[in-house]
Each structure stands twice: as structure tokens, then as C-alpha cells.
Amino acid sequence: MKKVLLIICWVWMGMLHSAYAERDTLFFQKIDEYIYRNQFDSAEIGLRSRLIDSKGDKEEMMYCHLQLAKMYLKLGNQSNWENELQLARNNTTKGISSEAYQSFLGSMSDFYFTIQSYDSADYYAKKFLNELGGEFSYKLGGIYQIIGFVAYRNKRYEEAEKYYEKSLQFYDDTDSRCEMSLVYNKLALIKSDQGLMSQSKMLLDKAIYIADTCGELLYRKMALESKKEILLKEEKFKEAFVVRDEIDKLNDELNYVKTLENVTILKEKFGIKKKEDIIHLLESQNESLIRSKRVLISLLVLSLILIAVIVNFFYADRRNRRFINVQTNRLGEQNKLITDAIKQRDFLYKELNHRIKNNLQLITSMLNLQRQYSHKTNYNELVEEITQKI
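Calculation rules
- Residues numbered from 1 in each chain as written.
- Predicted model: local features only at pLDDT ≥ 70, side-chain atom pairs only at ≥ 80, totals over all residues.
- Heavy atoms only, no water.
- Patch = residues over 30% accessible without salt bridge, like charges linked within 9 Å, V, L, I, M, F, W, Y side chains within 5 Å.
- Areas by Shrake-Rupley, 256 points an atom, 1.4 Å probe, with all protein chains shown as cover.
- Salt bridge = Lys/Arg side-chain N within 4 Å of Asp/Glu carboxyl O.
- Lys, Arg positive; Asp, Glu negative; His and termini not counted.
- Charge placed at Lys NZ, Arg CZ, Asp CG, Glu CD.
- Helix = DSSP H or I, 4+ residues; strand = E, 2+ residues; numbered from the N terminus.
- Buried < 20%, exposed > 50% of the residue type's maximum accessible area, 1.4 Å probe, protein only.
- Axes fitted to C-alpha atoms, helices over the stretch in contact; angles between N-to-C directions.
- Parallel < 35°, antiparallel > 145°, perpendicular 65-115°, else oblique.
- Left-handed = near helix turned anticlockwise from the far one by under 90°.
- Contact = heavy atoms within 4.5 Å.
- Expected span 1.5 Å × (residues − 1).
- pLDDT = per-residue confidence, 0-100.
- Core = buried A, V, L, I, M, F, W, Y, C linked by side-chain atoms within 4.5 Å.
- Arc of directions from axis to C-beta.
- Nonpolar A, V, L, I, M, F, W, Y, C, P; charged D, E, K, R; others polar.
- Polar contact = N/O pair within 3.5 Å; in protein donor to acceptor, adjacent residues only side chain to side chain.

Let us now look at a negative patch on the surface. A cluster of acidic residues, D245, D248, D252 and E253, forms a negative patch at the surface. Its location among the elements puts D248 in helix α12 (residues 237-271). Under the relative-accessibility criterion, D248 is labelled partly exposed at 37%.

A few words now on the packing of helix α2 (residues 40-54) against helix α3 (residues 58-75). Two elements in contact, α2 and α3, have axes separated by 9 Å at closest approach and are oriented at 160°. By the angle between their axes, α2 is roughly antiparallel relative to α3. Our pair here, α2 against α3, has a crossing hand that is left-handed. Contacts between α2 and α3 involve F40, A43, E44, L47, R48, R50, L51 and S54 on the former and, on the latter, E60, M61, C64, H65, Q67, L68, M71, Y72, K74 and L75.

Right, let's talk about helix α8 (residues 157-173) for a bit. A rise of 1.5 Å per residue sets the reference length of α8, with its 17 residues, at 24 Å; its end C-alpha atoms lie 24 Å apart and thus fit the reference within 8%. As for α8, its buried residues are in contact with α6 (118-132), α7 (140-153) and α9 (180-193).

Let us now look at the confidence of the model for the chain. Per-residue confidence for the chain gives a mean pLDDT of 80, with 85% of residues at or over 70. Predicted confidence is poor over residues 1-23, with pLDDT under 50, and the contacts of this stretch with residues over four places away or in other chains come to 13 contacts.

Turning next to the pattern of salt bridges. For the coordinates displayed, the defined rule picks out 17 salt bridges. R48 is the partner of E44 in a salt bridge, and the nearest nitrogen-oxygen pair spans 3.7 Å. A residue pair is termed a helical-turn pair when its members lie 3 or 4 positions apart in one helix, as E44 and R48 do in helix α2 at four residues. With a relative accessible area of 26%, E44 lands in the partly exposed category. According to the relative accessible area criterion, R48 is partly exposed, its value standing at 31%. Residue E351 is joined to R355 by a salt bridge in which the shortest nitrogen-to-oxygen separation is 3.1 Å. Separated by four residues within a single helix, E351 and R355 lie in helix α13 (residues 275-373), roughly one turn from each other. Overlapping salt bridges, with partners in common, bring together D122, K126, R156 and E159 in one network.

By size, the foremost hydrophobic cluster in this structure holds 70 residues, and its most contacted members are W81, L85, F104, L129, Y184 and L187. The leading source of residues in this core is α7, at nine residues.

Once that is clear, we can look at helix α10 (residues 197-214). Three or four residues apart is the spacing at which side chains of an α-helix point the same way, because the helix has 3.6 residues per turn. With 18 residues, α10 extends 26 Å between its outermost C-alpha atoms, agreeing within 8% with the 26 Å of an ideal straight helix rising 1.5 Å per residue. Of all the residues in α10, the buried ones are S200, L203, L204, A207, I208, I210 and A211. Projection of α10 onto a plane perpendicular to its axis shows the buried side chains occupying an angular sector of 165°, all on one side. Looking at α10, the residues exposed on the side facing more than 90 degrees away from the buried face are S198, M202 and Y209. The elements touched by buried residues of α10 are α9 and α11 (217-233). Of the residues trailing α10, G215 is marked for its positive phi of about 70°.

On to the packing of α9 against α11. Across the interface, α9 lies against α11 with an axial gap of 9 Å and an inter-helix angle of 10°. By the angle class used here, α9 and α11 are roughly parallel. Note on element contacts: α11 touches α9 through Y219, M222, A223, S226, E229, I230 and K233, opposite S181, L182, N185, A188, L189, S192 and D193. Per-class residue counts for the contact of α9 with α11 are seven nonpolar, four polar and three charged.

Together, I297, V301, L302, I305 and V309 give the surface a local cluster of nonpolar side chains, amounting to about 450 Å² of exposed area. Inspection of the secondary structure puts V309 in helix α13. By relative accessible area, which is 48% here, V309 ends up partly exposed.

All right, on to the side chain of S303 then. Along the chain, the position of S303 falls in helix α13. A residue is classified by how much of its surface remains accessible, and S303, at 17% relative accessible area, is buried. Of note is the side chain of S303, whose polar atom sits 2.6 Å from the backbone oxygen of L299.

Before going further, it helps to spend a moment on unusual backbone geometry. Positive phi, close to 65°, is recorded for Q116, a residue that is not glycine. Topologically, Q116 is positioned in the loop between α5 (98-114) and α6. Classification of Q116 as exposed rests on a relative accessible area of 56%. At E235, a position not held by glycine, the phi torsion is positive, near 60°. Inspection of the secondary structure puts E235 in the loop between α11 and α12. What makes E235 exposed here is its relative accessible area of 59%.

Below is the structure:
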């Protein structure tokens, strides 16, 4: 019974934890969407409110500061970006899980790679791999690419190939085929620098084919730019000009797509409420979340108290039943002893009465015999009187 109750409590706690984890994931996904769509006011308001609501939770504060750093990096605000990175770093000292620390290292590597601080990006990427220790992470493909790119940039071609091959294997295992176009493109550049032009062209053809299959215009453009560089190295200028024309067409398509995205973003911006309304909405949402959290905690505490009362009642009932059984057995034994003593007493009374009667009868008989042999009148009368009394 006790084990069953412990299992129920464990399952309940797991469900609550998973519910809160899912809520946090949805929140940060929404923030990512705000940043992607350049809705920086909404992102900052949400993150600042979350920081206030975190109440010193280091993991949550770290994630919030990383998202703010990501936002400021996109805005080009260098000082605020560095400040948020430092705040995120301060919250990785103690009290966070290994998974959270890995997320921090991966984000740092991405940030430094974005600002072209490649040595720092390489440092955090390798530290991420050491911290990961062979476990799975959805960031592995990008981490391998960062290390491979830094190695290629420093002309460590063997190391670069090794990490790009790992990246290809990761994307193949996780069914992320579209990302393989970028990796084949980088491998083609490595082969080109090594003078292996035929292998380089084969890899570029793979990169272009995958980009076309996935409908990734940007990946196709990057592969074509690499192809143009290789053709120029080989002094095949006519083919290079044809590729350049194709790149120009892709640039026009990409600009058109970007314009459509900007128009969509502007429409969404004009469609949202005013800043004060957003603040009020987020505050009300935070208050409702706090209330729901308090209700859940109260229900959990009450449930634990109820379970403790039930367990205590169960064990108290068992103890009472055991005590009653012991006392009943003792009383039964005592009743049996008393009944046996009463029976023995009655038997002794009967035996005593019987013997007394026999003795008195014997005395009477002796007196009668004595009276028969005596001729004295007074003596006989006395004997008769004694006999009558007996």
C-alpha cells in the first residue's frame, strides 16, 4: 500500500513537471517568433515580465537573458548584447542542470559565430561537445559545422572534413536532409582548395540537387556562388558568367520573397494592440499563471496531507485491530481459567458435603450402638438428644 501511494505521488509530480516544462517551451518558441518577425517590443516585454516572475530561478533567468542577447544582436546593439551575455553567464555558476548549461554553450557559440568571432565560437563549440559527452542534442549539426568552418578557415582541412562528415551523418540520422546542402557546399570548397576539382564539382552538384529538392533558394544561391568561384579558378569564364546570371535571378527571387515577408511583418505590426495593452495582457497572463501555480501547489499539498492522513488511519486501524485481537485472546484465556476454577470449587464443595454427611452418619451409628449397650435412663436420653441434633 505504501509503495503504491509513493508511485502515485511520483507520477503526479512528473505530470506537473512535464506540464510546466511544456509551458516554458511554448513561451520561448513564441519569443523566437517575435524576434524572427522583428516584433522586438513584444519580445522584450514578455522576457522582462518573465524575469520578474522567475523569482531567482537561475535556469529561467539564463534562458531569458540569452533570448534578450539574441534580440539585441539582431538589432545591432553591441553594448546591450554584451550586457545580456554577461548576465546569462552569471546565472550559469551554480544551480542549473547539465542540459541548461549545454544550451548556454551552444547559444554562445552561435552568437560569436554570427559576429564572426570565430575563435570564441570554436572554443564554446568544443566545450559544448565536451559537456555533451556523447549524448544526443539537436544542436550537434550546427556545432559540427562551426568547428569545421573554423578549421577550414585556418586551413586545417583534415579536421574540417572530419567535422563536416560528422555533421552530414547527424543530418542523415535526424532526417534533416535540407541542411546537408550547406555541408556539401563547404566540403566542395575544401576539395577545391586541395586541387581536387572533380570531387569538388560532384559535391557541389549534390548541394544544388538537395537545395532544389528542398526548395531552399538561399542554399542554391550559396552553392552556385561556390561553383562560380571554382569555375573562375579553372579560368572557365563563360560558364562562370552563366552561373553569375543564375545567381542574379536567384537574388531577385530572394529579394521578392524578403519583400513579401517584410510586408507580412508590417501588417502584423499594425494589426497588434498598443504597447500598454500588451503590457496589461502580459501582466494579467502572469497573474493568472501565478494563481494557477498557487492553486496547483495548494492542491498538491492538500493531496499529500490527505494521503498522509489515509496512510496514518490505515496503520492506526491495523494497530487497533491487532490490540483488540490480543486483548480478546487474553480475556478468553482468563475466562477459561475462571470457569475451570468455579467447576473445581463446586466439585470440592460436593465432595466436602458428602464426607461430612458420612462422618455424621458414622457418629450417629456409634451413638446408637452405645445406647443399646447402656441401661442408664439418663444416659440414653442424653444420647437420644445428641442423635436428634446430629
